[in-house]
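Here is what each chain is made of, one letter per residue.
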Amino acid sequence: MCWSATADLVAGTAITAVGAASVTLAARRPRDVPLAALPVLLGLHQIIEAAVWHNGGGTGPATVAWAVIALPLLPLWVPAAVWCAALPNAHRRLLFPLAAGVLTSAALVHVLATRTVRAEIRGHTVGYSVGLAQAGLILAGYLLATIGSLLLSGDGGLVLLGALVGVGVVVSFVLWREEFVSTWCAFAAVCSVVLLRWTMRRRPPGPPPACARSGRA
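### Things to note about the nonpolar core
Phase 1: Within the largest apolar cluster, 47 residues are counted, with the highest numbers of intra-cluster contacts made by Leu-35, Leu-38, Leu-74, Val-165, Trp-184 and Leu-195.
Phase 2: Per element, the largest residue contribution to this core is 11 residues, and it comes from helix H4 (residues 61–85).
Phase 3: Beyond its immediate sequence surroundings of up to four residues, Trp-184 is in contact with Tyr-142, Leu-143, Thr-146, Ile-147, Val-165, Gly-168, Val-169 and Ser-172.

The following block contains the structure:
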């Protein structure tokens, strides 16, 4: 995230707390829990980056943990969580971003297993480098998996989140191209608080229709 370790720590703690509230609300609908937990994951991600700041960047455990969440985990987590929460009539179209997420995640696991990720403090931002081959193709798959799944969900709250995160892609790329991954993840973490409102608006599954109950009697 931009600015400092303190900013990451404060923002990460607040976003994690919002995520915990979202998960509590989502317990009424277990299929919503993975998506409601996204702010928890992104909040912890910012807290981990605070440790990267304190370490002055480098290649240590905090950098590796940050990269594992940012690179292979998120493009798999987001489309899978959206698929779980979506209505059955949206599942078919969500298979495409889910497949993109699986392939992108697998490619990024291979990258992290064979190369060293390095963090560098650059003024008020952190830059990460891992030497990606076919970076454009991997980025396209990443965006399709994360933003694409939200936009294709058919749920107004999730479409809003997808649009906000999409704006973050443009802003982060224009303003911080060399630090794009860090700044965009921070932007996505802040936007993820939209999920608290989403979980508040969701209703628990209702009782079966009266005709179904009478049929079982």
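### Side note on the pattern of salt bridges
Phase 1: This structure, assessed with the given rule, holds 4 salt bridges.
Phase 2: Taking the shortest distance from any N to any O, the salt bridge between Asp-32 and Arg-202 comes out at 2.8 Å. Of this pair, Asp-32 sits in the loop between helix H1 (5–26) and helix H2 (33–36) while Arg-202 sits in the loop between helix H9 (194–201) and helix H10 (210–216), placing them 170 residues apart in sequence. For the pair shown, Asp-32 and Arg-202 are each scored as buried.

### Examining the environment of Ala-67
Phase 1: Counting through the fold element by element, Ala-67 comes out in helix H4.
Phase 2: Along the sequence, Ala-67 and Glu-49 sit 18 residues apart, while their C-alpha atoms lie 9.7 Å from each other.

### Looking at helix H3 (residues 38–54)
Phase 1: With 17 residues, H3 extends 25 Å between its outermost C-alpha atoms, agreeing within 8% with the 24 Å of an ideal straight helix rising 1.5 Å per residue.
Phase 2: Residues of H3 that are buried: Leu-38, Pro-39, Leu-41, Leu-42, Gly-43, His-45, Gln-46, Glu-49, Ala-50, Val-52 and Trp-53.
Phase 3: Following H3 by one or two positions, Gly-56 has its phi on the positive side, about 70 degrees.

### A short note on the packing of H3 against helix H8 (residues 180–191)
Phase 1: Two elements in contact, H3 and H8, have axes whose closest approach is 9 Å; the angle formed by their N-to-C orientations is 140 degrees. Relative to H8, the element H3 lies oblique. With respect to the hand of their crossing, H3 and H8 are arranged in left-handed fashion. In this structure, H3 contributes Leu-42, His-45, Gln-46 and Glu-49 to the contact, and H8 contributes Ser-182, Cys-185, Ala-186, Ala-188 and Ala-189.

What counts, and where the lines are drawn
Residues numbered from 1 in each chain as written. Predicted model: local features only at pLDDT ≥ 70, side-chain atom pairs only at ≥ 80, totals over all residues. Heavy atoms only, no water. Core = buried A, V, L, I, M, F, W, Y, C linked by side-chain atoms within 4.5 Å. Buried < 20%, exposed > 50% of the residue type's maximum accessible area, 1.4 Å probe, protein only. Helix = DSSP H or I, 4+ residues; strand = E, 2+ residues; numbered from the N terminus. Contact = heavy atoms within 4.5 Å. Salt bridge = Lys/Arg side-chain N within 4 Å of Asp/Glu carboxyl O. Expected span 1.5 Å × (residues − 1). Axes fitted to C-alpha atoms, helices over the stretch in contact; angles between N-to-C directions. Parallel < 35°, antiparallel > 145°, perpendicular 65-115°, else oblique. Left-handed = near helix turned anticlockwise from the far one by under 90°.

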